[in-house]
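# Working through the structure, step by step
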Amino acid sequence: MTDTLAPTTSAVVQERRVVTAIPGPKSQALHERRLKVVPVGVTAALPVYIERAHGAILVDVDGNQFIDLGAGIGVTTIGHTDDAVVAGATEQLEKLTHTLFTITPYEGYVRVAEYLAAHTPGDFAKKTVLVNSGAEAVENGVKIARKYTGRNGVAVLEHAYHGRTNLTMAMNFKASPYSLGFGPFAGDVYRAPNSYPYHDGLSGADAAARTISYLEKTVGAADLACLVVEPIQGEGGFQVPADGYLPALQAWCTANGIVFIADEIQSGMARTGKYFASEHFGLVPDMVLSAKGIAGGLPLAGVTGRAEIMDSAQPGGLGGTFGGNPVSAAAAIAVFEQIEQKNLLAEAVRIENALKGALLELQKKYPVIGDVRGIGAMIAIELVQPGTHEPNAAAVSAISAFAAQKGVLLLTAGTYGNVLRFLPSLAISNELIAEAVGVIDEAFASL
Ligand code: PLZ
């Protein structure tokens, strides 16, 4: 590895440090520049401009250090600028940056496909096509399922999020801000009720019966190419479905020749203490979509599925200029190696124990916290009007703004904007978690 690169980032001390008002003067100046050249459609949840990061700490241009509880929405899962990722990508950068895999191939792509075949659920032959983004993985998953089944219908669930391309906008639950005014949208997308135990109180079996009956009535199983589900919904607010819900959906798909696709773009790659969250529910999806955490911050996504499904696309039917880029592939290989070498699946369990327990304690003090849920390093709290299940988005905004001022970066989620989600990198220490929870405690006290 190039030894000039490591010190800048690994030298980032893993501590919170607020040295200016937030945002600081340099961030404010950058934001002025940005407003002139970047459209308002591209927002900034917290307009502090980040200069470097390592582990679980972000450093802004003013020298403020934030405890990062978002990891770029679950991307830097093994830690910002992980040394092995930096080394692997740097070495690759000096050797080969591009050929286009469908012109002249290279080993890294094959290696990533091997890793995905080995670590996605299911003991059968699997194949992977690599692409650049989560939305592109969803697009390709649907495209292949349609080719394989010869059917058009795409089933999705309420509160789902699948991306910002034309097809995926049609698959999202929330119109504003994702699709408002951006139509016409792709057709043949059918949205069914999901399992949301905190709100529907249904058993997994009852929720599944509701989903299935809805799809049977509104489209008919025989017209469905695929059902796309996030095993734990991401943007929707980290809904963990009731026991038995997902297996019942999968059994129905299998019985009816519908390709069962797990969108593990947010829940996958070690985040929940398993390689893929599907494993928590005993699911063996026909296809698994991965992105975000797969390459430690470099753009890469994958569609991994049963070989016979994946091979239904004709030669030349799949591809894209940058898909499976050699540098991203090298980073992904480093991520897979680090998960094994550092036993990072256990780190996700450690984080769940430290974080969920602390949040449950806060719930006892603050009735505005209606629900604490999630698995591994994918935990959320849903804020409500005390004594009800009515959404309280104002409290979410107030808490995240307070935390930001104190150097804690918290992400929001939820159809009604009333969920705070915690998806820190697996490199975060229990000390930093406790410190961040202390700040969040102060934030609730200040409401
Ligand atoms: N499927 C489950 O979580 C991305 C969106 C960030 P892309 N979620 C974060 C934003 O505001 O654009 C996501 C996801 C699930 C698909 C996607 C889409 O992944 O890499 O953003 O295209």
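Residues numbered from 1 in each chain as written. Predicted model: local features only at pLDDT ≥ 70, side-chain atom pairs only at ≥ 80, totals over all residues. Heavy atoms only, no water.

### Details of the nonpolar core
Going by this rule: Put simply, buried Ala, Val, Leu, Ile, Met, Phe, Trp, Tyr and Cys residues joined by side-chain atoms within 4.5 Å make one nonpolar core. The classification of residues rests on relative accessible area computed with a 1.4 Å probe and restricted to protein chains. Under 20% of the type maximum is buried, over 50% is exposed, and intermediate values are partly exposed. Segmentation of the chain into domains, including their bounds, is taken from an automatic or database domain assignment. Contact definition: two residues touch when any of their heavy atoms are within 4.5 Å.
Of all hydrophobic cores here, the largest spans 89 residues; its most connected members are Leu-383, Phe-422 and Phe-444. Looking at this core, you find at least three residues from each of domain 1 (9–81 + 344–446) and domain 2 (86–341). Once you skip the residues sitting within four places of it in the chain, Phe-422 turns out to touch Leu-69, Phe-238, Leu-355, Leu-359, Ala-377, Met-378, Ile-379, Ala-380, Ile-381, Leu-410 and Ile-440. Grouped together as the second largest cluster of nonpolar side chains are 31 residues, Ala-221, Phe-238, Leu-249 and Ile-258 included.

### Side note on the sheet that holds strand E6 (residues 189–192)
By definition, the strands of a sheet pair up through backbone hydrogen bonds, in either a parallel or an antiparallel sense. Let me state the cut-off plainly: At least two bridges found by DSSP between two strands is the condition for calling them paired. A run of H or I in DSSP counts as a helix once it spans at least four residues, and a run of E counts as a strand once it spans at least two, with each numbered from the N terminus. Inter-axis angles, ranging from 0 to 180 degrees, are taken between N-to-C directions of lines fitted to C-alpha atoms, where helices are fitted over the stretch in contact.
Judged by pairing direction, the sheet is mixed, and its 7 strands sit side by side in the order E4-E10-E9-E8-E7-E5-E6 without closing on themselves. Edge positions in the open sheet fall to strand E4 (126–131) and E6, since each of these has one partner strand only. Neighbour to neighbour, the strand axes of the sheet diverge by 20 degrees on average, direction disregarded. Pairing of strand E5 (residues 153–157) with strand E7 (residues 224–229), which is carried by 3 bridges, proceeds in the parallel orientation. Counted as the bridge partner of Val-154 is Cys-226 from E7.

### Side note on the domain arrangement of the chain
Which entries qualify depends on this criterion: When two parts are brought into contact, each loses some accessible area as probed by a 1.4 Å sphere; the total of that loss over both is the buried area. Throughout this description, the term salt bridge denotes a Lys or Arg side-chain nitrogen within 4 Å of a carboxyl oxygen of Asp or Glu. Polar contact is the term for a pair of N or O atoms within 3.5 Å; when the atoms are in protein, one must be able to donate a hydrogen and the other to accept it, and sequence-neighboring residues count only if both atoms are side-chain atoms.
Parsing the chain into structural domains produces domain 1 (9–81 + 344–446) and domain 2 (86–341). For domain 1 versus domain 2, the separation of C-alpha centres amounts to 26 Å. Each side of the interface is counted separately: domain 1 has 38 residues, and domain 2 has 34 residues. Here domain 1 and domain 2 share an interface that buries about 2900 Å² over both sides, 63% of which is from carbon and sulfur atoms. It is Leu-345, Ile-375 and Met-378 that lose the most area in domain 1 upon contact with domain 2, and together they represent 25% of the buried surface on that side. At the junction of domain 1 with domain 2, the criterion picks out 1 salt bridge. The salt bridge partner of Arg-421 is Glu-235, with a shortest N-O separation of 2.9 Å. Connecting domain 1 to domain 2 are 19 residue pairs in polar contact (both at pLDDT 80 or more). When contributions to the side of domain 1 that touches domain 2 are tallied by element, the ones reaching two or more residues are helix H3 (71–74), helix H13 (344–365), strand E11 (369–375), strand E12 (378–383) and strand E15 (419–422).

### Regarding unusual backbone geometry
Glycine aside, residues mostly have negative phi, and peptide bonds are mostly found in the trans state. Look at the link from Ile-22 to Pro-23: it is a cis peptide, with omega at -5 degrees. Residue placement: Pro-23 occurs in the loop between helix H1 (6–10) and helix H2 (25–37). Following Gly-183, the chain continues into Pro-184 via a peptide bond in cis, with omega recorded as 5 degrees. Turning to its location among the elements, Pro-184 is positioned in the loop between helix H7 (166–171) and E6.

### Comments concerning helix H9 (residues 204–218)
Heads up, the rule is: A helix is expected to span 1.5 Å for every residue after the first. The directions from the helix axis to the C-beta atoms are what the arc is built from.
The end-to-end C-alpha distance of H9, which contains 15 residues, comes to 21 Å, matching closely the 21 Å that a straight helix rising 1.5 Å per residue would cover. Every buried residue of H9 is listed here: Gly-204, Ala-207, Ala-208, Thr-211, Ile-212 and Leu-215. For H9, the buried positions fall inside an angular range of 130 degrees around the axis, keeping them on one side. Facing away from the buried side of H9 by over 90 degrees, the exposed positions are Ala-205 and Lys-217. Where H9 is buried, its residues touch E5, E6, E7 and helix H10 (245–255). Just downstream of H9 lies Gly-220, where phi reads positive at about 100 degrees.

### Focus: the packing of helix H14 (residues 393–405) against helix H15 (residues 430–445)
Stated precisely, the cut-off is as follows: Here the word oblique covers every angle except those under 35 degrees (roughly parallel), over 145 (roughly antiparallel) and from 65 to 115 (roughly perpendicular). For any pair of crossing helices, the crossing counts as left-handed if the nearer helix is rotated counterclockwise from the farther one by less than a right angle, and right-handed if it is rotated clockwise. Note on residue classes: Ala, Val, Leu, Ile, Met, Phe, Trp, Tyr, Cys and Pro are nonpolar, Asp, Glu, Lys and Arg are charged, and everything else, Gly too, is polar.
Two numbers describe how H14 lies on H15: the axes approach to 9 Å, and their chain directions differ by 130 degrees. Taken together, H14 and H15 sit at an angle that is classed as oblique. In this structure, the crossing between H14 and H15 has a hand that is right-handed. Packed against H14, whose contacting residues are Ile-399, Phe-402 and Ala-403, the element H15 presents Val-439, Ile-440, Glu-442, Ala-443 and Phe-444 at the interface. When the residues that make up the contact of H14 with H15 are grouped by side-chain class, the tally is 7 nonpolar, no polar and 1 charged.

### Quick word on the sheet that holds strand E13 (residues 408–409)
Strand order in the open sheet formed by 4 strands is E1-E2-E3-E13, and the pairing between neighbours is mixed. Pairing within the sheet leaves two strands with one partner each, and these edge strands are strand E1 (50–54) and E13. Direction of pairing for E1 relative to strand E2 (residues 57–60): antiparallel, over a ladder of 4 bridges. If you follow Arg-52 over to E2, its bridge partner there is Val-59.

### A few points about the packing of aromatic side chains
The following threshold applies: Each pair of aromatic rings taken from Phe, Tyr and Trp, with Trp reduced to its six-membered ring, is defined by centres within 6.5 Å and is described as stacked if the planes are under 30 degrees apart, edge-to-face if over 60, and tilted in the remaining cases.
This structure, assessed with the given rule, holds 6 aromatic pairs. Here the aromatic rings of Tyr-366 and Phe-444 are separated by 5.3 Å at their centres, their planes lie at 20 degrees, and the arrangement is stacked. Here the residue Tyr-366 occupies a position in the loop between H13 and E11, and Phe-444 occupies one in helix H15, the gap between them amounting to 78 residues. You can call Tyr-366 buried: its relative accessible area is 13%. In this structure Phe-444 comes out as buried when scored by relative accessible area, which is 3%. Members of the aromatic cluster, each reached through a chain of ring pairs, are Phe-101, Tyr-106 and Tyr-109.

### Here's the deal with the site of the ligand
Threshold: Being near a molecule or strand, for a residue, comes down to having at least one heavy atom within 4 Å of it. All accessible-area figures derive from a Shrake-Rupley calculation using a 1.4 Å probe, and residue coverage is judged against the displayed protein chains alone.
Taken together, 14 residues form the shell around the ligand, and within it Gly-134, Ala-135, Arg-164, Asp-263 and Gln-266 come nearest. Here an oxygen atom of the ligand and a backbone polar atom of Gly-134 are 2.8 Å apart. Here a nitrogen atom of the ligand sits 3.3 Å away from a polar atom, N or O, in the side chain of Glu-235. Across the complex, the protein chains shield 81% of the 510 Å² of accessible surface that the ligand would expose by itself.

### Focus: the pattern of salt bridges
The full count for this structure, using the stated rule, is 17 salt bridges. Across the pair Lys-95 and Glu-91 runs a salt bridge whose closest N-O atoms are separated by 3.7 Å. Linking Lys-95 with Glu-91, this pair stays in helix H4 (residues 83–95), spanning 4 residues, or about one helical turn. On the basis of relative accessibility, which here comes to 44%, the residue Glu-91 falls in the partly exposed class. In this structure, Glu-352 engages Lys-356 in a salt bridge whose closest nitrogen and oxygen atoms are separated by 3.9 Å. Linking Glu-352 with Lys-356, this pair stays in helix H13, spanning 4 residues, or about one helical turn. Each of Asp-371, Arg-373 and Glu-382 takes part in salt bridges that share partners, so that together they form one network.

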